[in-house]
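Spelled out from the first residue to the last, the chains are:
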Amino acid sequence: MKKRMSWIAMVSVMTLMASLLAACGGSGGTGASKQPDGSSSEAATTLRFATWDTGDALKIEQEIAKKFEESHPGTKVQVEAYADGFDQKLAAGFGAANPPDVMYMWDFPTYHQSLEPLDGYASKDEDLNIDDFYQGLFNYGKIDNQLYGIPAGFTTRVVYYNKKMFEDAGIAYPSDGWTWTEFQEIAQNLTDKSKKQYGFGVRAENDTYDLQGLVWSNGGSFISEDGTTIEGYMNSKETAEAIQMLGDMLKNGSAVLTGGKGQQSGEDIFKAGKIAMWESGIWPLESFREAGIDVGTVEMPAFEGKPVKGVLAESALSIAKDSKNKDLAWEFIKFYVSDEAIKMRVADLPVRVSVVNELKKDQDPLYKPYYTMLERSDNTPAFLLNPKWNEVNRQLSAAVESVMFGSDAQEVLNQAVKDSERYLK
């Protein structure tokens, strides 16, 4: 792993770089350059685009950048791949007043003050065709009812299942409308410890963001709708029951712990044919198919008598408030979320209704559950409700992890609330 610079050192370096670049004519915009004959010509405008993607997804983004350049002569798109260091590098850029012009964004509570509000662009530009987007996606890019991000891609969460394991056990494939009771029975029936085979995989370290769909489905929540209270929410009976269910499956042996220290990831165990069901977003689907797994997908189960709720993982595009090329940045965003560019990207799901209809994604049995869950994903995540959620979440994450290792959910959540309430005052 690459060594990470400290916050202060990083900001200092970025500040120095910004000063040097400014002295040489700036990091973006246009400038005159000398030709061999001594004449000068106007240099191309450089538009910086920051992404967290790597590998094939990054290559596709670079191709999109090239296509944008072709349709915008005199423009050079500089794709900056920050990978795992995305947040640190982005924060350093903002701190040095030298951020990329356009960037992927999800953490709007942290960064929105450094971003350009996009309501004016989105409402006035008919070329965006804003009504063609799945409207619920815009809720994740707003702070105080102001829009800071245009949806670029998303995923909901579904249950993957190994069809062969179901067939070998003589168990019918799960279908939309199933319950957590049915889920647990299936997991028990598909467990054979003598073969080191389990019905389900549970993460040793769960992202509490992803667990919200499970909690909402049982009528619980981590925080009140106005974002001010966690007592009676984060430690409610409904919240505790939902999380305890995962701990109980580990205790009774119908599920196996994955991804902990010295343990394989759930994706790898699923690909090895040792767990029958796995819960995730769109990300591992291609790798499952490449591994030769005859895989199916189904919407998340319901708690008896309660509606299924989902949570979105969304990538949006934002413009830096300090950008000198805001209009060009907006044109790039429009191109990035155009039909053409959306069809090029396969690492997430299309955000436009027209593209989904054209590709018949919502009719494909593998993809349909993601869009079914999108209709069920209308709750607001906790991190968008309170600016101090990160501090609270540290206690919550520790509590959830302890449940996976045998602690009682109600007890540890009660303690997490006590330890966290000071952050909300």
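Residues numbered from 1 in each chain as written. Predicted model: local features only at pLDDT ≥ 70, side-chain atom pairs only at ≥ 80, totals over all residues. Heavy atoms only, no water.

Participant: Pulling in residues and values, what's your account of the overall build of the protein?
Facilitator: The helix and strand tally for the protein stands at 17 helices and 14 strands. Seen along its three principal axes, the alpha-carbon backbone of the protein occupies a region of about 80 × 50 × 45 Å. Burial status across the protein gives 52% buried among its 425 residues. Taking the contacts inside the protein whose residues are at least 6 apart along the sequence as the reference set, 75% of them involve residues at least 24 apart. Accessible surface for the protein amounts to roughly 20100 Å². Of this, 49% is attributable to carbon and sulfur atoms. (Helix = DSSP H or I, 4+ residues; strand = E, 2+ residues; numbered from the N terminus. Buried < 20%, exposed > 50% of the residue type's maximum accessible area, 1.4 Å probe, protein only. Contact = heavy atoms within 4.5 Å. Areas by Shrake-Rupley, 256 points an atom, 1.4 Å probe, with all protein chains shown as cover.)

Participant: Any chance you could break down the domain arrangement of the protein for me, citing the residues and the numbers?
Facilitator: With domains assigned, the protein is organised as domain 1 (45–156 + 313–376) and domain 2 (158–309 + 387–423). The C-alpha centroid of domain 2 is placed 29 Å from the C-alpha centroid of domain 1. At the junction of the two partners, domain 1 supplies 16 residues and domain 2 supplies 20 residues. At the boundary of domain 1 with domain 2, total buried surface from both sides reaches about 1500 Å², with 61% on carbon and sulfur atoms. Summed over the shared surface of domain 1 and domain 2, the number is one salt bridge. When the shortest N-O distance is used, the salt bridge between Arg376 and Glu299 registers 3.3 Å. The residue makeup of the side of domain 1 that touches domain 2, split by class, is 10 nonpolar, four polar and two charged. (Domains from an automatic or database assignment. Buried area = accessible area lost by both parts, 1.4 Å probe. Salt bridge = Lys/Arg side-chain N within 4 Å of Asp/Glu carboxyl O. Nonpolar A, V, L, I, M, F, W, Y, C, P; charged D, E, K, R; others polar.)

Participant: Which residues make up helix α12 (residues 326–336), and what are the values?
Facilitator: Within α12, eight of the 11 residues are buried, which leaves it mostly tucked inside the rest of the structure. Residues of α12 that are buried include every one of Leu328, Ala329, Trp330, Phe332, Ile333, Lys334, Phe335 and Tyr336, and no others.

Participant: Could you give an account of the nonpolar core, naming the residues involved and the relevant values?
Facilitator: One recurring pattern in soluble globular proteins: nonpolar side chains tend to sit buried together. Counting 127 residues, the largest nonpolar core has Ile150, Met277 and Trp389 as its most contacted members. Composition of this core by domain shows at least three residues from each of domain 1 (45–156 + 313–376) and domain 2 (158–309 + 387–423). With residues near it in sequence (within four places) discarded, Ile150 still touches Leu118, Ala122, Phe133, Phe138, Ser315, Ala316, Leu317, Trp330, Ile333 and Val337. (Core = buried A, V, L, I, M, F, W, Y, C linked by side-chain atoms within 4.5 Å.)

Participant: So what's going on with the packing of helix α9 (residues 237–252) against helix α17 (residues 409–420)? Residues and values would help.
Facilitator: Relative orientation of the contacting elements α9 and α17 amounts to 125°, with a least axis distance of 9 Å. What the angle tells us is that α9 and α17 run oblique. Read as a crossing pair, α9 and α17 show a hand that is right-handed. Where α9 abuts α17, its residues Lys237, Thr239, Ala240, Ile243 and Gln244 lie against Ala409, Gln410 and Leu413. (Axes fitted to C-alpha atoms, helices over the stretch in contact; angles between N-to-C directions. Parallel < 35°, antiparallel > 145°, perpendicular 65-115°, else oblique. Left-handed = near helix turned anticlockwise from the far one by under 90°.)

Participant: With reference to specific residues and values, describe the pattern of salt bridges.
Facilitator: As enumerated under the stated definition, the model contains 20 salt bridges in all. Salt-bridge contacts for Arg352 lead to Asp132; the nearest nitrogen and oxygen are separated by 3.3 Å. Of this pair, Arg352 sits in the loop between α13 (339–344) and α14 (353–359) while Asp132 sits in the loop between α5 (119–124) and β6 (142–143), placing them 220 residues apart in sequence. Accessibility classification places Arg352 together with Asp132 in one group, the buried group. Here Glu279 makes a salt bridge to Arg157, at a shortest N to O gap of 2.4 Å. Placement of the pair is Glu279 in strand β12 (residues 275–280) and Arg157 in the loop between β8 (150–155) and β9 (158–162), with a sequence separation of 122 residues. With a relative accessible area of 7%, Arg157 lands in the buried category. Residues joined in a network through salt bridges with shared partners are Asp125, Asp127, Glu331 and Lys334.

Participant: Give me the environment of Thr75: which residues, what numbers.
Facilitator: In this structure, Thr75 sits in strand β4 (residues 75–81). Distance from Thr75 to Tyr371, taken between C-alpha atoms, is 36 Å for residues 296 residues apart in sequence. The residues touching Thr75, leaving out its near neighbours within four places in the chain, are Thr45, Phe68, Glu69 and Leu328.

Participant: Lay out the pairing of strand β11 (residues 255–258) in plain terms, naming residues and giving numbers.
Facilitator: Each regular strand displays side chains that alternate between the two surfaces of the sheet. Burial along β11 is two-sided: Ala255 and Leu257 facing one way and Val256 and Thr258 facing the other are all buried. Direction of pairing for strand β10 (residues 198–203) relative to β11: parallel, over a ladder of four bridges. Paired with Val202 across the strands is Leu257, a residue of β11. (Pairing = 2+ DSSP bridges.)

Participant: Would you mind going over the packing of helix α7 (residues 180–189) against α9 in detail, with residue names and values included?
Facilitator: Where α7 contacts α9, the axes come no closer than 11 Å and their chain directions differ by 20°. For the element pair α7 / α9, the angle class is roughly parallel. Note on packing geometry: the crossing formed by α7 with α9 is right-handed. Every residue of α9 that contacts α7 at Trp180, Phe183, Gln184, Ala187 and Gln188 is listed here: Met245, Met249 and Asn252.

Participant: How would you sum up the sheet that holds β4? Please name residues and give values.
Facilitator: Reading across the sheet, the five strands line up as β4-β3-β5-β14-β8 and stay open at both edges, with mixed pairing between neighbours. The open sheet has two edge strands, β4 and β8, and neither has a second partner. Averaged over all neighbouring strand pairs, the angle between strand axes comes to 20°, with direction disregarded. Pairing geometry for strand β3 (residues 45–51) and β4, over seven bridges, is parallel. Its bridge partner lying in β4, Leu47 is registered against Val77. Strand contacts of helix α2 (residues 55–71): β3, β4 and β5 (102–105), with the helix running at about 165° to β4, the strand carrying the most contacts.

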